[in-house]
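Analysis of the macromolecular model
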Protein chains: 2
Amino acid sequence: MNVMNESPRRKELTRQAAQLFVQEGFDRTTVRMLAQEMGIKSGSLFHHFRDKQEILAAVIEEGTQNALIIAREALARCDSSASARLHAMARAHLETLLTDRSAHVVALYDWRRLDPEARAHLSHLRDAYEALWEQVIDAALAEGLIHGDRFLVSRFVMGALNWTVRWYDPEGPRTPDELADELVAMITRSGSAD
Amino acid sequence: MNVMNESPRRKELTRQAAQLFVQEGFDRTTVRMLAQEMGIKSGSLFHHFRDKQEILAAVIEEGTQNALIIAREALARCDSSASARLHAMARAHLETLLTDRSAHVVALYDWRRLDPEARAHLSHLRDAYEALWEQVIDAALAEGLIHGDRFLVSRFVMGALNWTVRWYDPEGPRTPDELADELVAMITRSGSAD
DNA sequence: CGTTTACACTAGCGCTTGCTTGGTTGACCC
DNA sequence: GGGTCAACCAAGCAAGCGCTAGTGTAAACG
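These numbers come from a predicted model, not from an experiment.

1. With respect to the packing of helix α1 (residues 8–24) of chain B against helix α2 (residues 31–38) of chain B
Residue and element names in this part refer to chain B. Their axes nearest at 10 Å, the elements α1 and α2 cross at an angle of 125°. With respect to their mutual orientation, α1 and α2 come out oblique. Crossing of α1 against α2: the hand is right-handed. Side by side, α1 and α2 meet where Arg9, Leu13, Gln16, Ala17, Gln19, Leu20, Phe21 and Glu24 of the first sit next to Met33, Leu34, Glu37 and Met38 of the second. When its residues are assigned to classes, the contact of α1 with α2 shows 7 nonpolar, 2 polar and 3 charged.

As structure tokens, then:
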């Protein structure tokens, strides 16, 4: 068993598990299905992961880590105006939602299947990510770009964005960046869309 | 087995099933748990429902029907101004999300567990509900109350509202109506939320 | 060379799952 | 007072579940 996270082999297996989890849901995915997808037998799976739950935790951790990295890079890449940072965060959010779609869908649907320890660990990661949002929204409020309650606004915005995994079609006419810009336009009063 | 929907007994059982489903999730809820919650033995369950999936469909149907009724009543009760109708829809949406919380949480999380026939049937119900929203949003766009793409705006708004089931605490300081009004304020340009 | 390590295998244990079968009960009905 | 019917029960089947134990093997290391 691999105690610490992220041997290269384990990382690849995690990626494949994510695909199956999003197709079937965590509960409906059996260790035998996972093993077959990975090209090994079900017993061999437990050389890499202590149990089934640990696979779930690995999948979610991977996705959340990436979200944090992408958001931080996006913020570092833009100037300090509230508007630019708001756009950057929204775009970054949708970018992760697309590139790590599997992991995020799993996180949204199967979060409660995590055991308490894993949940505590991943909650910290998620809180760090949400803190970025609240910070950007605070700045936008201070500049008068948006109005309302800091807590509610960030919840509403993240809700609207996360909900996109339920209806957004990457093959469709709209790019993720267009979505992000439209959302920001909607909540800023300057909102003269198109 | 009860072929048509809604004998009084079946309705009560459906209500109890909803509670368990939201606690455990559909997959994790066994027919034995359901039976115990209902005060009967697991075998007797199949006198009322053909199989486990039919219980899920009954739960979701109940919730969606109520959402439709409440929204229609709310619209009938207010004047024809776009602003009033927007507020009414948002409030109605959060009202159902609270009073039929179990059913809606189940619908959000376990929709994909429905078999194709049930899904087709319930999709129609859901589409009827969403049509109400799009109609109200069309009117708000026409009046210049909000701006942007009709499709995107309605998706964003419903996302923000549905997401509340993940964080809203009914025991907390905010009433559902306050939430609804704050959201409407956020997306209308008149939004001077104190 | 011998030892270690990573990865995989076979075989199956103990348990739970959704659901079926065949039968019992008690209230209602002409 | 025989017939009907919804509601329930006891018992259990066949399948599938997560996971373990013990073993094989080939590359890496000293």
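2. Topic: the interface of chain A and chain B
Each partner contributes to the interface: chain A provides 38 residues, whereas chain B provides 37 residues. Regarding the contact of chain A and chain B, the summed buried area is about 3,700 Å², with carbon and sulfur atoms giving 60% of it. It is Phe156, Trp163 and Met186 of chain A that lose the most area in chain A upon contact with chain B, and together they represent 21% of the buried surface on that side. At the boundary of chain A and chain B, one finds 12 residue pairs in polar contact (both at pLDDT 80 or more). Every element with two or more residues in the side of chain A that touches chain B is listed here: α1 (8–24), α6 (101–110), α8 (150–162) and α9 (176–187) of chain A. Ranked by residue count, the leading element in the side of chain A that touches chain B is α8 of chain A, at 8 residues. Along the lines of polarity and charge, the residues of the side of chain A that touches chain B split into 17 nonpolar, 9 polar and 12 charged.

3. Describing the pattern of salt bridges
The tally for this structure, following the rule as stated, stands at 22 salt bridges over all chains. In this structure, arginine 10 of chain A and glutamate 54 of chain A form a salt bridge, with 3.1 Å as the shortest nitrogen-oxygen distance. Of this pair, arginine 10 of chain A sits in helix α1 while glutamate 54 of chain A sits in helix α4 (residues 52–77), and the two are 44 residues apart along the sequence. Given the relative accessible area of 14%, glutamate 54 of chain A is considered buried. Where aspartate 27 of chain A meets arginine 28 of chain B, a salt bridge forms, and the shortest distance between an N and an O atom there is 2.5 Å. Placement of aspartate 27 of chain A in the loop between α1 and α2 (31–38) and of arginine 28 of chain B in the loop between α1 and α2 is noted, with the two residues assigned to different chains.

4. Comments concerning the protein's contact with DNA strand C
Near DNA strand C lie 16 residues; those nearest to it are Arg9, Lys41 and His48 of chain A together with Thr30 and Lys52 of chain B. Protein-proximal atoms of DNA strand C, defined as those within 4 Å of the protein, fall in sugar or phosphate at a share of 59%. Residue lysine 41 of chain A places a main-chain N or O atom 2.6 Å away from a phosphate oxygen belonging to DNA strand C. Between a phosphate oxygen of DNA strand C and a side-chain N or O atom of histidine 48 of chain A, the distance comes to 2.8 Å. For the surface near DNA strand C, the secondary-structure elements that each account for two or more residues are α3 (45–48) of chain A together with α2 of chain B. Here the surface near DNA strand C is built from residues that sort into 3 nonpolar, 7 polar and 6 charged.

5. Notes on the protein's contact with DNA strand D
Looking at DNA strand D, there are 16 residues lining it, with Thr30, Val31 and Lys52 of chain A together with Lys41 and His48 of chain B nearest. Protein-proximal atoms of DNA strand D, defined as those within 4 Å of the protein, fall in sugar or phosphate at a share of 62%. Histidine 48 of chain B is positioned such that a nitrogen or oxygen atom in its side chain is 2.8 Å from a phosphate oxygen of DNA strand D. Among the secondary structure elements, those contributing two or more residues to the surface near DNA strand D are α2 of chain A together with α3 (45–48) of chain B. Looking at the surface near DNA strand D residue by residue, the classes come out as 3 nonpolar, 7 polar and 6 charged.

6. Remarks on the relation of the copies chain A and chain B
Rotating chain A by 180° about the axis while translating it 0.0 Å along that axis superimposes it on chain B, leaving an RMSD of 0.1 Å. What the superposition gives is, in effect, a two-fold axis relating one chain to the other. Interface overlap between copies is the fraction of interface residues in one copy that are interface residues in the other; for chain A against chain B it reaches 97%, indicating a shared surface.

7. As for the environment of arginine 91 of chain B
Residue and element names in this part refer to chain B. Secondary-structure assignment places arginine 91 in helix α5 (residues 82–99). Sequence separation between arginine 91 and alanine 18 is 73 residues; the distance between their C-alpha atoms is 23 Å. Look past the residues within four positions of arginine 91 in its chain and what remains in contact with it is Asp177, Ala180 and Asp181.

8. Notes on the confidence of the model for chain A
Reading fine detail from the predicted coordinates is not recommended where pLDDT is low. Across chain A, the average pLDDT comes to 92, with 94% of residues at 70 or higher. Confidence drops under a pLDDT of 50 for residues 190–194 of chain A, and excluding neighbours within four residues, the segment shows 7 contacts in the predicted structure.

9. Digging into the environment of glutamate 134 of chain B
Residue and element names in this part refer to chain B. Structurally, glutamate 134 can be placed in helix α7 (residues 116–142). Sequence separation of glutamate 134 and serine 42 is 92 residues, and the distance between their C-alpha atoms is 43 Å. Excluding anything up to four places from it in sequence, glutamate 134 contacts Arg150, Ser154 and Arg155.

10. Structural notes on the packing of aromatic side chains
Evaluation of the coordinates by the stated rule reveals 8 aromatic pairs over all chains. Between the aromatic rings of phenylalanine 156 of chain A and tryptophan 167 of chain B, the centroid separation amounts to 6.4 Å while the plane-to-plane angle is 70°, which identifies the pairing as edge-to-face. One end of the pair, phenylalanine 156 of chain A, is in helix α8; the other, tryptophan 167 of chain B, is in the loop between α8 (150–162) and α9 (176–187), on a second chain. The residues phenylalanine 156 of chain A and tryptophan 167 of chain B share a single accessibility class, namely buried. Residues tryptophan 167 of chain A and tyrosine 168 of chain A carry aromatic rings whose centres are separated by 6.3 Å and whose planes lie at 85° to one another, so their mutual orientation is edge-to-face. The rings of Phe151 and Phe156 of chain A together with Trp167 and Tyr168 of chain B are connected pair by pair, giving a single aromatic cluster. Here arginine 166 of chain A stacks its cationic end above the ring of tryptophan 163 of chain A, 4.7 Å away from the centre of that ring.

Cut-offs applied
- Residues numbered from 1 in each chain as written.
- Chains lettered and ligands numbered in written order.
- Predicted model: local features only at pLDDT ≥ 70, side-chain atom pairs only at ≥ 80, totals over all residues.
- Heavy atoms only, no water.
- Axes fitted to C-alpha atoms, helices over the stretch in contact; angles between N-to-C directions.
- Helix = DSSP H or I, 4+ residues; strand = E, 2+ residues; numbered from the N terminus.
- Parallel < 35°, antiparallel > 145°, perpendicular 65-115°, else oblique.
- Left-handed = near helix turned anticlockwise from the far one by under 90°.
- Contact = heavy atoms within 4.5 Å.
- Nonpolar A, V, L, I, M, F, W, Y, C, P; charged D, E, K, R; others polar.
- Buried area = accessible area lost by both parts, 1.4 Å probe.
- Polar contact = N/O pair within 3.5 Å; in protein donor to acceptor, adjacent residues only side chain to side chain.
- Salt bridge = Lys/Arg side-chain N within 4 Å of Asp/Glu carboxyl O.
- Buried < 20%, exposed > 50% of the residue type's maximum accessible area, 1.4 Å probe, protein only.
- Near = heavy atom within 4 Å.
- Least-squares fit on C-alpha atoms with pLDDT ≥ 70 in both.
- pLDDT = per-residue confidence, 0-100.
- Phe/Tyr/Trp six-rings, centres within 6.5 Å; stacked < 30°, edge-to-face > 60°.
- Lys NZ or Arg CZ within 6 Å of the ring centre and 35° of its normal.

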